[in-house]
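# Architecture at a glance
Chain by chain, the residues run as shown.
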Amino acid sequence: MPERFVVLRHRELGDLSSLRAYRAAGGYEQLQRAVSTMKPAEVTAVVRASGLRGRGGAGFPTGAKWAFVPDDAGPRYVVVNNDESEPGTFKDHEITLANPHQMLEGAALAAYAVGAETVYVYCRGEFWHEMARLQRAVDDARRAGLLGADLWGRGVRIDVHVVAGAGAYICGEETALLSSLEGDLGQPRLKPPFPTVTGLFGRPTVVNNVETLANVPPIVAHGADWYRSLGTSGSPGTKVFSVSGHVERPGNYELPLGVPFRELLELAGGVWRGRALKAVLPSGASAPAIPAAAVMDLRLDWESVAERGSLLGSASLIVLDETVNMAWVAAMTTRFFEHESCGKCSPCREGTFWLDAVYRRLIGGRARPGDRALLGAIIGQMDGACFCPLGEFAQCVPRSSLADFGQDYDALEAGAGGRPAGGRP
Amino acid sequence: MTAAGLRSAYGAEVERALAKYPPERAASAAIELLYLAQVAYGHLTAEAIEEVAEVLHLDPTHVRGLAGFYSLLRERPHGGYVIHVCTDLPCALRGAEELLERLCERLGIRPGQTTADGLFTVEAVMCLAACDRAPLMQVNLEYHYDLDDAALDAILADLRRAAAGAGRRPPFGWGPPSDPVPGGVEDLSA
């Protein structure tokens, strides 16, 4: 299946980071058409009909989210989630650098649809210099009259502010992001109420991922039927798949959802060094590992991956070759979650701490009898008990590696080292 | 540093940060002000925390809490160049741990330490959202991709030259951002 560029249009058209290039490619025409000729509800309706689902990981229907915003008086907000931090995910980074205006136009369309005058683009702090480019894009669009007050003489105002986070994976969770944006610790809030009703500053707020919003201008341009001609009925459109790890050509690949993993792997040059595939983590550190035998013909859409007992999430596929010990992989994802647990709830804070402690001694050659059972017991105490998805995701790779790759734990308990062959390509 | 280090060094930036939010929501600017304060004061000293709290009408204890929570906010002194090596899973699969070892060997320090001349601090960090270009690192939040030994040595030599040229150590902390691809964005105001 060939790549199909809806979001990564710069791959075909050349660098779209300048306003001039983006406008030459039809940029901001949809925003102008919407503001000039469409009612806000019509914009929501076309996005809803397209079946667009959130690209940040949850896959929630975008149009439905917008429609939840109540029609009351007072300010409301659109917040762009550019806190891309899932291990293995690097798609929003590319969009921010090479096609930032498409995301900004999508955010402005979202703002128009829900009646928001203010958009905050919350970027992970490590995108420090990338933020300068984004700010430049915002400034250029404002000077050209494409953002700001009284757009196209219709009395519509859309201001965009670029905002920095400061190094906290949890801020990718939408309510933690809002807490951070209010100057607080980045810790999640109880849902409901959902942000669409009680969000930033207690006001209705739509939080959408960068890639999600970059899909919106093409949907408004070409219509819901066109969008549904791509992908599957349950997962319409294209997806930017971030492929990392043991492949010849790691990178972002944009393909219709539902593409078999086999074809994505071929595009990425196959498993590196002529080795065999061992397993794939389909959503970074946050989804159960899928063994090679089960993954090759798996269709990459949210339903198919869920049926296989894993999660497509943000579609960040970490490819693992035959040399890798899966207990080591679980130790690595556990180390990540232990570091990133926000500390709010004890099942996650303590659970990730103890999982990490046990995994460190396992891969350090200091395994104790009963460690595997202990890992299972800790996971059992975390399961369903964590305040937010982070603590639940933390269990995924440990649990699946224990279930499907027990022989790798045998090897560690026998004193074999856990690190992969690794090395530079 | 004077008690008004943040405002005297970055008055305009502070105003711009505050202007992003409704006046009664000034607390939202906390992270941005802490970034500026750690440049103005070198790191987030008690005075830096006090000044941010004062500008935002917040309890200094709350501001201190933010500094402790977010990993890019620095409560302790650091070298002029803070080098972050991503050693998370996707990077580790492509040689990140070897890169970190080599870097520490070159600088004669361990992860978390600063060189005696105050020029370099090395830290292993979690995912930096650039796994397709591993192994990689950031120097004062600027990316350096696809690193082998030769590329690493060239970068360290460049940094040493830049620091010597600036005639001061450390040359800078995390200053205001600059475009990562200078000249990459056209000015369309004309």
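It should be emphasised that the depicted structure is a prediction, and the values quoted were computed from it without experimental measurement.

## Considering the overall build of chain B
Counting its secondary structure elements, chain B contains seven helices and four strands. Counting helices and strands in the order they occur from the N terminus, chain B gives α-α-α-α-β-α-α-β-β-β-α. Counting the 190 residues in chain B, one finds 43% classified as buried. In chain B, once contacts between residues fewer than 6 apart in sequence are set aside, the share between residues at least 24 apart is 59%.

## Brief notes about the interface of chain B and chain A
Counting residues at the interface gives 45 residues for chain B, matched by 57 residues for chain A. Those elements that place two or more of their residues in the side of chain B that touches chain A are helix H2 (30–40), helix H4 (60–69) and helix H5 (89–92) of chain B. Broken down by element, the residue count for the side of chain B that touches chain A peaks at four residues, all from H2 of chain B. Taken together, the residues of the side of chain B that touches chain A sort by class into 26 nonpolar, eight polar and eleven charged.

## Quick notes on the domain arrangement of chain A
Interfaces are often sized by the accessible area lost when the parts come together. All names here are of chain A. Here chain A is described as being made up of domain 1 (10–228), domain 2 (238–321) and domain 3 (326–413). Put simply, the middle of domain 2 and the middle of domain 3, counted by C-alpha atoms, are 23 Å apart. Each side of the interface is counted separately: domain 2 has nine residues, and domain 3 has twelve residues.

## Concerning the environment of Leu6 of chain B
Residues and elements named next belong to chain B. Positionally, Leu6 belongs in helix H1 (residues 5–18). The class for Leu6 is buried, based on 27 C-beta atoms found within 10 Å. Each C-alpha atom of the pair Leu6 and Val52 lies 7.8 Å from the other, and the pair is 46 residues apart in sequence. With near-sequence residues (within four places) excluded, Leu6 lies in contact with Val14, Leu33, Leu36, Ala37, Ala40, Ala48, Glu51, Val52 and Val55.

## Observations concerning the packing of helix H16 (residues 326–340) of chain A against helix H17 (residues 346–363) of chain A
All names here are of chain A. One way to put it is that H16 packs onto H17 with a least axis distance of 9 Å and a crossing angle of 145 degrees. The two elements H16 and H17 cross, and the hand of that crossing is left-handed. Residues Ala327, Trp328, Ala330, Ala331, Thr334, Arg335, Phe337 and Glu338 of H16 lie in contact with H17, whose contacting residues are Thr352, Phe353, Leu355, Asp356, Tyr359, Arg360, Leu362 and Ile363. Among the residues forming the contact of H16 with H17, the class breakdown is ten nonpolar, two polar and four charged.

## Some points on the domain arrangement of chain B
Domain annotation for chain B reports domain 1 (5–69) and domain 2 (81–166). For domain 1 of chain B and domain 2 of chain B, the distance between their C-alpha centroids amounts to 29 Å.

## Details of the sheet that holds strand E6 (residues 238–245) of chain A
Residue and element names in this part refer to chain A. If you trace the five strands from one edge of the open sheet to the other, you get E7-E6-E12-E9-E10, paired in mixed fashion. Two strands lie at the open edges of the sheet, namely strand E7 (251–256) and strand E10 (290–291), each paired on one side alone. Strand direction decides the pairing type here: strand E9 (residues 277–281) and E10, joined by two bridges, are antiparallel. Considered in E10, the bridge of Val280 is made with Ile290.

## Considering the pairing of E9 of chain A
Residues and elements named next belong to chain A. Where burial is concerned, most of E9 is hidden: five out of the five residues are buried. Sheet topology note: the E9/strand E12 (residues 316–321) ladder contains four bridges and is antiparallel. For Leu277, the partnering residue across the bridge sits in E12 and is Asp321.

## Here we look at the pairing of strand E2 (residues 118–123) of chain A
Each regular strand displays side chains that alternate between the two surfaces of the sheet. Among the six residues in E2 of chain A, six count as buried, and that is most of the element. Burial along E2 of chain A is two-sided: Thr118, Tyr120 and Tyr122 of chain A and Val119, Val121 and Cys123 of chain A, pointing in opposite directions, are all buried.

## Quick notes on the environment of Leu44 of chain B
Residue and element names in this part refer to chain B. Assignment of secondary structure puts Leu44 in the loop between H2 and helix H3 (46–56). It is 7.5 Å that separates the C-alpha atoms of Leu44 and Leu34, two residues lying ten residues apart in sequence. In this structure, Leu44 is in contact with Leu34, Ala37, Gln38, Ile49, Ala67, Leu73, Arg74 and Glu75, ignoring residues within four places of it in sequence.

## Quick word on the packing of H17 of chain A against helix H18 (residues 371–382) of chain A
Residues and elements named next belong to chain A. Direction vectors running N to C along H17 and H18 enclose 165 degrees, while the axes themselves pass 10 Å from each other. Taken together, H17 and H18 sit at an angle that is classed as roughly antiparallel. Two packed elements cross with a definite hand, and for H17 against H18 that hand is left-handed. In contact with Pro347, Cys348, Gly351, Trp354, Leu355, Val358 and Leu362 of H17, H18 contributes Asp371, Leu374, Leu375, Ile378, Gln381 and Met382. Class assignment of the residues belonging to the contact of H17 with H18 gives a composition of ten nonpolar, two polar and one charged.

## Notes on unusual backbone geometry
Leaving glycine out, the prevailing phi sign among residues is negative, and the prevailing peptide bond configuration is trans. Cis rather than trans, the peptide bond between Lys191 of chain A and Pro192 of chain A has omega equal to -10 degrees. Geometrically, the link from Ala134 of chain B to Pro135 of chain B is a cis peptide bond, its omega value of -5 degrees lying close to zero. Within the secondary structure, Pro135 of chain B sits in the loop between strand E2 (120–125) and strand E3 (137–139). Positioned with a positive phi, Tyr28 of chain A is a non-glycine residue whose angle comes to about 70 degrees. The topology assignment puts Tyr28 of chain A in the loop between helix H2 (19–24) and helix H3 (29–37).

## Quick look at the sheet that holds strand E1 (residues 81–86) of chain B
All names here are of chain B. Sheet architecture is open: four strands sit in the order E2-E1-E3-E4, paired in mixed fashion. Two strands in the sheet have a free side with no partner beyond their single neighbour: E2 and strand E4 (142–144). Pairwise comparison of adjacent strand axes, ignoring direction, gives a mean angle of 25 degrees for this sheet. Here E3 runs beside E4; their pairing, made up of three bridges, is antiparallel. The residue of E4 that forms the bridge with Met137 is His144. Of the strands in this sheet, E1 and E2 are in contact with helix H6 (residues 96–107), which crosses E1 at around 155 degrees.

Reading the values: rules and limits
Residues numbered from 1 in each chain as written. Chains lettered and ligands numbered in written order. Predicted model: local features only at pLDDT ≥ 70, side-chain atom pairs only at ≥ 80, totals over all residues. Helix = DSSP H or I, 4+ residues; strand = E, 2+ residues; numbered from the N terminus. Buried ≥ 20, exposed ≤ 12 C-beta atoms within 10 Å, placed from the backbone. Contact = placed C-beta atoms within 7 Å. Nonpolar A, V, L, I, M, F, W, Y, C, P; charged D, E, K, R; others polar. Domains from an automatic or database assignment. Axes fitted to C-alpha atoms, helices over the stretch in contact; angles between N-to-C directions. Left-handed = near helix turned anticlockwise from the far one by under 90°. Pairing = 2+ DSSP bridges. Parallel < 35°, antiparallel > 145°, perpendicular 65-115°, else oblique.

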